[in-house]
Amino acid sequence: MATEGNRLDPWVDTYASRAKVMTASEIRSLFAVASRPEVVSLAGGMPFVSALSHEIMGDTFARVIKEKGNVALQYGSGQGEVGLREQITEVVALTKVQTHPDDVVITAGSQMAIDLIVRVFCNPNDVVFVESPSYVGALGVFRAYECDVVHVASDELGLNPTALDEAIKTAVKLGKTPKLIYTIPTFQNPSGLTQDDKRRKEILEVAKKHNLLIVEDDPYNLLAFDGMVPRAIRADDADNVVYLGSFSKTIAPGMRVGWAVAPHGIREKLVLASESAMLCPSNLVQLAISDYLKNQPWLEQVKVFRELYLERRDALLDSMKIHFPAGTTWTEPLGGFYSWVTLPEGFDATSMLPRAVSALVAYVPGTGFYTDRQGSRNLRLSFCYPTPERIKEGVRRLGEVIRQEIDLRNTFGVTGNLSAQSGDLTAPDVI
Ligand SMILES: Cc1ncc(COP(=O)(O)O)c(C=O)c1O
């Protein structure tokens with residue numbers, strides 16, 4: 001029942017507790033400004049879909065409707081179209097994951113798969129272990145289901161297994177219930193880091209020692225700049241790992257098709273949870289992707305994306321070297337979309353953002369990738385969408401802003417007062 005609440009939203013007192021933690025960021029309005037064409041946005045991680053032939057896509061959809069209209073326009077299987085599930089087993093084999101179509105669940109993007117897994121596994125206050133920093137969209141899911149998120153220390157190879165082991169022991173000592181380890185081992189969002197094979201095995205050992213399920217989120221794996229696809233953690237253990245993938249970065253995010261490869265029992269629960277959320281994924285889109293995978297040289301198209309993103313990454317790294325002041329450091333990703341920048345001691349990337357947007361460049365402040373207010377000296381720069389020229393110009397502007405910040409600090413001490421609530425960035429703005 002609606003109560004007085006507040007005048008803007010009379011229902012505010014009636015929301016479930018989980019809805020109360022779903023908050024929009026105070027920096028959201030800045031992202032609205034950042035989408036103006038004069039602003040170079042290094043913020044959003046939008047794939048460069050212009051590089052895809054829209055004509056081929058149009059023909060594909062038209063053919064599916066013409067040849068399979070009655071199936072394409074109908075409800076379908078909750079688990080997803082069997083032909084596409086078969087093709088997904090071939091896609092994941094590129095990461096050395098061996099699986100059967102029965103163990104694949106097709107979802108509306110891998111984002112939905114994260115939501116389903118947490119829905120199936122987590123009670124309020126259950127602990128989810130994540131990297132430092134971690135993907136904002138997953139943090140949003142963990143918050144929505146009232147999980148306790150523990151950021152585990154990461155190093156240059158990503159999630160640190162010793163720190164993970166310690167964090168799990170500490171949680172147990174505190175009487176908490178550890179539930180999931182959520183990791184993005186390849187070209188991580190937002191750090192751009194990649195776990196090597198040894199690291200992956202160590203993480204798996206820690207998970208097995210504590211009897212914890214790993215959620216391996218792997219949407220960027222085919223975007224390795226050297227073309228060498230890293231071996232998935234799931235390739236070494238089909239029982240303790242749910243493996244998530246997506247066509248968002250290799251075909252197009254507008255398709256909204258991702259998947260989970262899960263141990264048998266978990267798979268059944270995921271299908272039931274998915275059916276309650278959306279009955280079934282879109283037959284039309286699944287059949288179009290299936291047709292595209294079958295009839296187009298789709299790995300050639302992925303190569304086109306890779307080469308394009310490599311050129312943009314180089315533009316970003318080269319121009320950071322030129323324009324960023326000493327004391328600023330960044331990661332050098334070997335694939336994917338992102339570099340993670342650390343500003344000199346004492347800087348606050350959130351309070352610097354309004355100045356950056358005034359200087360016509362945008363980024364995502366690091367605090368958004370944590371639930372515990374870490375990351376204030378960090379920012380995520382995406383190189384996937386702007387052209388190399390725009391990236392260079394954006395970095396030049398940003399370097400200027402950082403220098404001004406240094407001058408301001410030298411003159412007036414600490415600057416700025418805008419602070420993001422940790423983990424409260426709204427995913428679609430910064431995905
Ligand atoms: C690490 C990670 N997981 C999941 C997703 C969600 O992707 P999808 O479009 O498949 O839902 C993203 C999107 O950027 C991501 O970076």
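Keep in mind that what you see is a predicted model, and the values were worked out from it rather than measured.

### Some words on the confidence of the model for the protein
- Scored by pLDDT, the protein comes out at a mean of 93, with 93% of its residues at no less than 70.
- In this model, residues 417-423 is a region of pLDDT below 50 whose contacts with residues beyond four sequence positions or in other chains number 27 contacts.

### Thoughts on empty space enclosed by the protein
- Following the criterion strictly, the structure yields three cavities of 30 Å³ or more and no others.
- In terms of lining residues, the largest cavity is bounded by Val91, Val92, Thr95, Asp218, Pro219, Asn221, Leu222, Tyr243, Gly245, Ser246, Thr250 and Trp259.
- Here the element with the most residues in the lining of the largest cavity is strand S9 (residues 241-246); it accounts for three residues.
- Of the residues in the lining of the largest cavity, the class split is six nonpolar, five polar and one charged.
- Counted as a void, the second largest cavity has a volume near 60 Å³.
- Lining of the second largest cavity is provided by 14 residues; of these, Glu131, Gly158, Gln188, Ser191 and Leu193 occupy positions nearest its centre.
- Looking at the lining of the second largest cavity residue by residue, the class counts come to six nonpolar, seven polar and one charged.

### Considering the sheet that holds strand S2 (residues 104-107)
- The seven strands are arranged S2-S10-S9-S8-S7-S3-S4 in an open sheet whose pairing can be described as mixed. Because the sheet does not close on itself, it has two edges, and the strands there are S2 and strand S4 (148-152). In this sheet, neighbouring strand axes are inclined to one another by 20° on average, regardless of whether the strands run parallel or antiparallel.
- Pairing between strand S7 (residues 178-183) and strand S8 (residues 213-217): four bridges, direction parallel. Across the sheet, residue Leu180 finds its bridge partner in S8, namely Leu213.

Rules of the game
Residues numbered from 1 in each chain as written. Predicted model: local features only at pLDDT ≥ 70, side-chain atom pairs only at ≥ 80, totals over all residues. Heavy atoms only, no water. pLDDT = per-residue confidence, 0-100. Contact = heavy atoms within 4.5 Å. 1 Å grid on protein atoms, 1.4 Å probe; cavity = no way out; pocket = protein on both sides within 12 Å on 5 of 7 lines; lining within 4 Å. Points joined across faces, edges and corners; volume = space filled by probe spheres on them. Helix = DSSP H or I, 4+ residues; strand = E, 2+ residues; numbered from the N terminus. Nonpolar A, V, L, I, M, F, W, Y, C, P; charged D, E, K, R; others polar. Pairing = 2+ DSSP bridges. Axes fitted to C-alpha atoms, helices over the stretch in contact; angles between N-to-C directions.

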